[in-house]
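# Coordinate inspection notes
Each chain, letter by letter, is given below.
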2 protein chains.
Amino acid sequence: MSSWLNVSALLTDLYELTMSQVYVERDMLAPATFSLFVRKLPQNRSFLLAAGLWPLLEALQDFRFSEEDLAYLESLKLFKPTFLDYLKNFRFTGEVWALPEGTVFFENAPVVEITAPLPEAQIVETLVINILNIETAVATKAALCVIAADGRPCVDFGARRTQGLEASLHAARASYIAGFTATSNVLAGKLFGIPVTGTMAHSYVESFPNEEEAFLAFGRNFPENTVLLIDTYDPLRGAEKAIEVARRLSERGIRVRGVRLDSGNVIELAREVRRLLDKAGFPEIKIFVSGGLDEHKIAEIVSSRAPVDAFGIGTKMGVSADAPYLDLAYKLVEYDGKPRLKLSEGKVTYPGRKQVFRRFDPSGLFYEDELGLREENLIGNPLLKCFMRDGRLLMENPPLPEIRKKAAENLKSLPEDIRKGQRTPSTRISEKLRALYSETVERIRKVL
Amino acid sequence: MSSWLNVSALLTDLYELTMSQVYVERDMLAPATFSLFVRKLPQNRSFLLAAGLWPLLEALQDFRFSEEDLAYLESLKLFKPTFLDYLKNFRFTGEVWALPEGTVFFENAPVVEITAPLPEAQIVETLVINILNIETAVATKAALCVIAADGRPCVDFGARRTQGLEASLHAARASYIAGFTATSNVLAGKLFGIPVTGTMAHSYVESFPNEEEAFLAFGRNFPENTVLLIDTYDPLRGAEKAIEVARRLSERGIRVRGVRLDSGNVIELAREVRRLLDKAGFPEIKIFVSGGLDEHKIAEIVSSRAPVDAFGIGTKMGVSADAPYLDLAYKLVEYDGKPRLKLSEGKVTYPGRKQVFRRFDPSGLFYEDELGLREENLIGNPLLKCFMRDGRLLMENPPLPEIRKKAAENLKSLPEDIRKGQRTPSTRISEKLRALYSETVERIRKVL
């Protein structure tokens, strides 16, 4: 298997297993459908960009309890031998419908719908929510950066401050899907084939007697890949030294690709540095900016028309700092042929297996989504596809650039006001689904 | 090795490797000291609780480039054969000084100081920042919850919405260190020996024809561990059904441990449910509350004197939602016997190897920290200890309950205003350190 996640079947909440023991004991093995969706978008989001499906599908395929896992569960003195036997042979045999990665979506639309024997669908809950949550949160934040950068390349610098090492891989993958062009994360490069890139650190410059020596040594070592960090001591003097070094390197046929600014008033500095570079005859040397960037700071730089050519974006994208989690819920919507739901003040869960139908206006821009039952045949493109049946993948993992292309098309299809966060579209609910909701509520109220 | 992190040496930023090629080529292998510290605490934090050191130490011990890693690096056509050879034999041979896990700390205090041959200290940068960042951020958030809960047990329910699966393990570990009593994360239970616990989900209740059947089946399966979720349809009717079931189960000698409220106005509901339980003769049945909790919501519940006995705390703790990252920097402070620093507007990095001296007032409460050079002998307890020398651990990984005890003592030693976030103490800087800073700045300015 190609899964790069170190998935353990024990990475679940204890109650998934205790509940499942009851299901197994009582032979409650009929198909259950769980729907993963966001009831309300986070405050600063007007759309979400789906990511994380393929890592999830691979994890579902690999999902096994090892002998060691079972020994630990036995040691808890909670579980019956018959249930531990059930876990020993556990395989995920269910069906997965989902929005393809790179699809833009809104409130109430299922990102994933899983139908499987009740304990199977229950036991994978923690896994399903977790993987979709991190990748979708980060892909969305990264998409906002890409939109703000307005064509300038964005590079993932998030690895050092993502929430754990594994999260850095999710972030590299999700940001690439969202339109980033490269990552500094070497392992992500190896695993996903994302272009890897980087410049140099302040510590590098500080380790040398002076900036010139540091810059020269780097240029000689990496003649094709030299971006000089010029703000270790004084950015404008750093720029002058970079120019001096660029001259000396050019005598050896080495061309400096760029300079990086990581602090200070980058708008003013970029203008000044550009002027110096141009004056010195280096109009081709790019200016790369990093340091605490997010979509707002990028938009500010872009709208200032500062001569910034590319952005290195780290922490705030990597942890989706202003919305570090989504309110993703994995809700039972059908069991044993009957629609199910939780009654809760102010929170509506629509029962049944579903489909999302997307409509476009005549110019090809997104117009609205209608949420209906899966069997309905409403106007619009049905967005949810079946990816897995009987626990088997129905297709190959698509190459990441293909997913990235889909994301770009989806983002491009958004009207300006949604792209820029000025409007969050509501999802229309089909008549049949509203009727099913009312019927189900009534049925439940009767037995209360 | 006991490391539970799936560490790959490639999980690093590309520039760590490109810079190191230059170091190796130029024989810049003298010892470098890097200091990991927070320049400024996040907005909503008045202290930080150190966590993540042991996972880091184990990862440093395991740090190797595999044949596959080297083949990938070669394929990038960036690196020279001599450098790839260097990586092939790479071991971390350095020295690690650090604050023991469970130590409270403030701005400018090094959490970790690493001294190693320059490329070694550089290559591990991403790893060092990443692990300390996530565990310290979460441990601090969890500590705030524990303080707010004022003696009531707090349980980690974070697994489903942490940023990746690995992050859920960091969160379970860090929150246990901070004083949580248990986790729902089964793998964390297995790996760290943390008690595991859980209740039941709404989906469980919905899968049965009615709540009574759901409750009864659970009680019979888990006679020692039944906490009934009562708000699937209507919390007060749910409480009545729980009472009915508790009566029937008690006839079989089974005692329901508690009920859980996961939504609604939990303060009012808890009062009402307590009244119902007491009236029915079940004063021993506990009320457990969950759902969107953080330190503020917990403080509100506690100060209302609502009869809530324990808290299940998930997402907001697990991602440290209001401060999802720390501004942890890993800065070169000495190389080849010379103090180093970056000159930057408004940002001071103190050069040299350091020690933090902690002082207490006569009542035993924290009074102040003074940051000095490691060789200084200032008044107060020196906080940084040497954990690793020549790449070898100098001691055994302490049992987690011991770290947890240290954290409890540290938190208890904080004056009320710091514990409650009303004051953030500044760290005093020793005279010698200030002098060294000025000298170093002057020395650098001369060569600029």
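Residues numbered from 1 in each chain as written. Chains lettered and ligands numbered in written order. Predicted model: local features only at pLDDT ≥ 70, side-chain atom pairs only at ≥ 80, totals over all residues. Heavy atoms only, no water.

We now examine the interface of chain A and chain B. Listed as interface residues are 104 residues of chain A and, on the opposing side, 104 residues of chain B. Of the roughly 9000 Å² buried between chain A and chain B, counting both surfaces, carbon and sulfur atoms make up 58%. Connecting chain A to chain B are 14 salt bridges. In this structure, the connection of chain A to chain B is made through 54 residue pairs in polar contact (both at pLDDT 80 or more). At 10 residues, helix H1 (residues 14-25) of chain A tops the list of elements feeding residues into the side of chain A that touches chain B. Considered class by class, the residues forming the side of chain A that touches chain B number 50 nonpolar, 30 polar and 24 charged. (Contact = heavy atoms within 4.5 Å. Buried area = accessible area lost by both parts, 1.4 Å probe. Salt bridge = Lys/Arg side-chain N within 4 Å of Asp/Glu carboxyl O. Polar contact = N/O pair within 3.5 Å; in protein donor to acceptor, adjacent residues only side chain to side chain. Helix = DSSP H or I, 4+ residues; strand = E, 2+ residues; numbered from the N terminus. Nonpolar A, V, L, I, M, F, W, Y, C, P; charged D, E, K, R; others polar.)

Further remarks concern the sheet that holds strand E19 (residues 428-429) of chain A. Residue and element names in this part refer to chain A. Ordered in space as E16-E14-E15-E19, the four strands form an open sheet in which the pairing is mixed. Bordering the open sheet on either side are strand E16 (381-382) and E19, each of which pairs with just one other strand. When strand E15 (residues 366-373) meets E19, the two strands line up parallel, connected through two bridges. Residue pairing in the sheet places Leu371 in a bridge with Ile429 of E19. Against the sheet, helix H17 (residues 431-447) touches strand E14 (354-360), E15 and E19, its axis set at about 40° to E15. (Pairing = 2+ DSSP bridges. Axes fitted to C-alpha atoms, helices over the stretch in contact; angles between N-to-C directions.)

With that out of the way, let us pick up the domain arrangement of chain A. All names here are of chain A. Split into domains, chain A comes out as domain 1 (14-138 + 323-447) and domain 2 (148-318). For domain 1 and domain 2, the distance between their C-alpha centres works out to 39 Å. Facing 18 residues of domain 1, the contacting portion of domain 2 comprises 16 residues. Each partner contributes to the roughly 1300 Å² buried at the junction of domain 1 and domain 2, and carbon and sulfur atoms together form 64% of this total. The three residues of domain 1 that bury the most area against domain 2 are Val138, Leu400 and Arg404, which together make up 51% of that side's buried surface. Its salt-bridge partner being Arg173, residue Glu135 comes within 2.7 Å of it at the nearest N-O pair. Run the count over domain 1 and domain 2 and you get six residue pairs in polar contact (both at pLDDT 80 or more). (Domains from an automatic or database assignment.)

Bringing the UniProt feature "domain: Nicotinate phosphoribosyltransferase N-terminal" (unreviewed entry) in chain A into the picture now. UniProt's feature table lists "domain: Nicotinate phosphoribosyltransferase N-terminal" (unreviewed entry) at residues 10-133 of chain A, given in the numbering used throughout. Between the C-alpha atoms that bound residues 10-133 of chain A there is a distance of 19 Å. The span itself is 44% helix and 18% strand. (UniProt positions renumbered as here; feature names shortened; annotations may be inferred.)

Turning our attention to the UniProt feature "domain: Nicotinate/nicotinamide phosphoribosyltransferase" (unreviewed entry) in chain A. The UniProt entry lists residues 154-322 of chain A under the feature "domain: Nicotinate/nicotinamide phosphoribosyltransferase" (unreviewed entry), expressed in the numbering used here. Taken as a whole, residues 154-322 of chain A contains 47% helix and 12% strand, while its terminal C-alpha atoms sit 19 Å from one another.

Once that is clear, we can look at the relation of the copies chain A and chain B. Taken together, a rotation about one axis and a shift along it account for how the two chain copies relate. Its rotation angle being 180°, the transformation that places chain A on chain B also includes 0.0 Å of axial translation and leaves an RMSD of 0.0 Å. Look at the turn and shift together and you get a two-fold axis relating the two. Taken together, the interface assignments show that 100% of the residues at the interface of chain A recur at the interface of chain B, consistent with an identical surface on both copies. (Least-squares fit on C-alpha atoms with pLDDT ≥ 70 in both.)

With that settled, consider the packing of helix H2 (residues 53-62) of chain B against helix H6 (residues 125-149) of chain B. All names here are of chain B. Where H2 meets H6, the axes come as close as 9 Å, and the angle between the chain directions of the two elements is 155°. For the element pair H2 / H6, the angle class is roughly antiparallel. The interaxial crossing formed by H2 with H6 has right-handed handedness. Facing H2, whose interface residues are Leu53, Pro55, Leu56, Ala59 and Leu60, H6 presents Leu127, Val128, Ile131, Leu132 and Glu135. (Parallel < 35°, antiparallel > 145°, perpendicular 65-115°, else oblique. Left-handed = near helix turned anticlockwise from the far one by under 90°.)

Of the voids in this model, the second largest pocket is the one considered here, and its volume is about 1100 Å³. At the level of secondary structure, the elements contributing two or more residues to the lining of the second largest pocket comprise helix H9 (202-206), strand E10 (286-290), strand E11 (310-313) and helix H14 (315-318) of chain A together with strand E1 (31-38), H6 and strand E12 (328-335) of chain B. It is E12 of chain B that contributes the most residues to the lining of the second largest pocket, five residues altogether. In terms of residue class, the lining of the second largest pocket is made up of 15 nonpolar, 14 polar and 14 charged. (1 Å grid on protein atoms, 1.4 Å probe; cavity = no way out; pocket = protein on both sides within 12 Å on 5 of 7 lines; lining within 4 Å. Points joined across faces, edges and corners; volume = space filled by probe spheres on them.)

We now examine the pairing of strand E10 (residues 286-290) of chain B. Residue and element names in this part refer to chain B. The element E10 is largely enclosed, with a buried count of four among its five residues. In the sheet, strand E9 (residues 258-261) pairs with E10 via four bridges, with the strands oriented parallel. Each bridged residue has a counterpart across the sheet, and for Gly258 the counterpart in E10 is Lys286. One crossover worth recording links E9 to the parallel E10 by way of helix H12 (residues 266-279), and it is right-handed. (Buried < 20%, exposed > 50% of the residue type's maximum accessible area, 1.4 Å probe, protein only. Right-handed = clockwise from strand over helix to strand, strands pointing away.)

All names here are of chain B. In terms of burial, E12 is a largely internal element, eight of the eight residues being buried. Strand direction decides the pairing type here: E1 and E12, joined by seven bridges, are antiparallel. Among the inter-strand pairings, Phe34 is bridged to a residue of E12, identified as Leu332. Sheet topology note: the E12/strand E13 (residues 338-339) ladder contains two bridges and is antiparallel. Note on E13: the bridge partner recorded for Tyr335 is Lys338.

Turn by turn, an α-helix covers 3.6 residues, leaving residues three or four places apart pointing in a common direction. Taking 1.5 Å per residue, 17 residues should reach 24 Å; helix H11 (residues 235-251) of chain B reaches 24 Å between its end C-alpha atoms and fits that length. Those residues of H11 of chain B that fall on the buried side of the exposure criterion are Pro235, Gly238, Ala239, Lys241, Ala242, Ile243, Val245, Ala246 and Leu249 of chain B. Where H11 of chain B is buried, its residues meet H17 of chain A together with helix H10 (211-221), strand E8 (227-229), E9 and H12 of chain B. Between a side-chain oxygen at the N-terminus of H11 of chain B and the backbone nitrogen of Leu236 of chain B the separation is 3.0 Å; the capping residue is Asp234 of chain B. (Expected span 1.5 Å × (residues − 1).)

All names here are of chain A. For the pair helix H3 (residues 67-75) and helix H4 (residues 81-88), interaxial distance at closest approach is 10 Å and the crossing angle is 160°. By the angle between their axes, H3 is roughly antiparallel relative to H4. Crossing of H3 against H4: the hand is right-handed. Judged by residue contacts, Glu67, Leu70, Leu73 and Glu74 of H3 engage Leu84, Leu87 and Lys88 from H4. Considering only residue class, the contact of H3 with H4 consists of four nonpolar, no polar and three charged.

A few words on the sheet that holds strand E3 (residues 95-98) of chain B. All names here are of chain B. Here seven strands make up an open sheet; going across it, the order is E13-E12-E1-E5-E3-E17-E18 and the pairing antiparallel. Every other strand in the sheet has two partners, leaving E13 and strand E18 (392-393) as the edge strands with one partner each. Examined bridge by bridge, strand E17 (residues 385-389) and E18 share two bridges and lie antiparallel to one another. Across the sheet, residue Met388 finds its bridge partner in E18, namely Leu393.

Attention shifts here to the side chain of Asp369 of chain A. All names here are of chain A. Tracing the sequence through the fold places Asp369 in strand E15. Here the side chain of Asp369 touches Arg358 through a polar contact of 2.8 Å, side chain to side chain. Discounting chain neighbours no more than four positions away, the residues touching Asp369 are Phe106, Val356, Phe357, Arg358, Leu383, Thr427 and Arg428.

All names here are of chain B. Secondary-structure assignment places Gly219 in helix H10. Take Gly219: its relative accessible area is 0%, and that puts it in the buried class. Between the C-alpha atoms of Gly219 and Val256, which are 37 residues apart in sequence, the distance is 7.1 Å. Ignoring sequence-local partners within four residues, the contact set of Gly219 consists of Thr226, Leu249 and Ile254.

Residue and element names in this part refer to chain A. Inspection of the entire model under this criterion finds 58 salt bridges over all chains. With its nearest N and O atoms 3.0 Å apart, the salt bridge here joins Glu368 to Arg428. Of this pair, Glu368 sits in strand E15 while Arg428 sits in strand E19, and the two are 60 residues apart along the sequence. The class of Arg428 is partly exposed, set by a relative accessible area of 43%.

Another aspect to go through is unusual backbone geometry. All names here are of chain A. The phi dihedral of Asp336 is positive, around 55°, even though this residue is not glycine. Along the chain, the position of Asp336 falls in the loop between strand E12 (328-335) and strand E13 (338-339). By relative accessible area, which is 49% here, Asp336 ends up partly exposed.

With that out of the way, let us pick up helix H13 (residues 295-303) of chain B. All names here are of chain B. Every buried residue of H13 is accounted for by Glu295, Ile298, Ile301 and Val302. Seen end-on, H13 carries its buried residues on one side only, within an arc spanning 125°. Exposed residues pointing more than 90 degrees away from the buried face of H13 are listed as His296 and Ser303. Considering only its buried residues, H13 is in contact with H6, H12, E10 and strand E11 (310-313). Two to three positions downstream of the cap, the backbone nitrogen of His296 sits 3.0 Å from a side-chain oxygen, assigning the N-cap of H13 to Asp294. Arg305 sits one or two positions beyond H13 and adopts a positive phi of about 60°. (Arc of directions from axis to C-beta.)

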